[in-house]
Amino acid sequence: MAFHPLREHRIDPARMVELLRECKAVLLDRGMADMEEYGDMLKWGLPRRDGKVRSMHVYHPDWCSWSDRFRGTIHYHGGAIRGTILLGEFDHGIYEATLDPAGDRFHLGQRYKLTRHARIQSAGTSYELPAMVPHWPRPTTLTMTSFEEEDNGEMGDLVNPDDEIGIDEHRWTQEQADALLPELLALIDAKLAALTVLA
């Protein structure tokens, strides 16, 4: 595992409009994604572009505690990633992993101590991370992102605590997630209107 600070920049408004329209079209066509697949995130696949696997994600702060002490939270990706926050906000943690015989995280049979470095990222922020950098984003409000990962054939992995520690409680049902669709579409329309005024 590696450590690298988040690279981030403000996205061009025209690109923001393009991504928002793409996500709106997906929501109108497919509705809300399967809540059972992850429990803390809704995910829709998007067409590949430039050799990258693409998807859109929706998060809500009430879906779980978002504490990184649980299994199934801190993870890294096998390829370099880029995410763009289209709605909402992340408290985005990047973790520095240090081999430590007393560490409370495990990866490939070794113990690690993790040190969290965090940034608040708002809508309009695009972030990049190289492969193998552990991270865990926490939404502070209803949040939607466009995401892409380099398809290099490498697999990502979790950096879990001891087996005795379970996963976080996933609190919402599919019906509750489905009920967010009108709110999500209204937020997209409001953001598109504001970007049109700026243009």
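This section reports on the structure supplied with the text. Since the structure is predicted, the reported quantities are computational estimates derived from the model, not experimental observations. (Residues numbered from 1 in each chain as written. Predicted model: local features only at pLDDT ≥ 70, side-chain atom pairs only at ≥ 80, totals over all residues. Heavy atoms only, no water.)

Before going further, it helps to examine the pairing of strand S6 (residues 89–99). Summarising the sheet, S6 and strand S8 (residues 110–122) pair through 11 bridges and their orientation is antiparallel. Its bridge partner lying in S8, Ile94 is registered against His117. Sheet topology note: the S6/strand S10 (residues 135–139) ladder contains 5 bridges and is antiparallel. From the neighbouring strand, Gly93 faces S10, where its bridge partner is Trp136. (Pairing = 2+ DSSP bridges. Helix = DSSP H or I, 4+ residues; strand = E, 2+ residues; numbered from the N terminus.)

On to unusual backbone geometry. Although it is not a glycine, Trp66 sits at a positive phi angle of roughly 65 degrees. Within the secondary structure layout, Trp66 lies in the loop between strand S3 (52–59) and strand S4 (75–76). The residue Leu108 is not glycine, and still its phi comes out positive at about 50 degrees. Here Leu108 lies in the loop between strand S7 (105–107) and S8. The exposure class assigned to Leu108 is exposed, which follows from its relative accessible area of 73%. (Buried < 20%, exposed > 50% of the residue type's maximum accessible area, 1.4 Å probe, protein only.)

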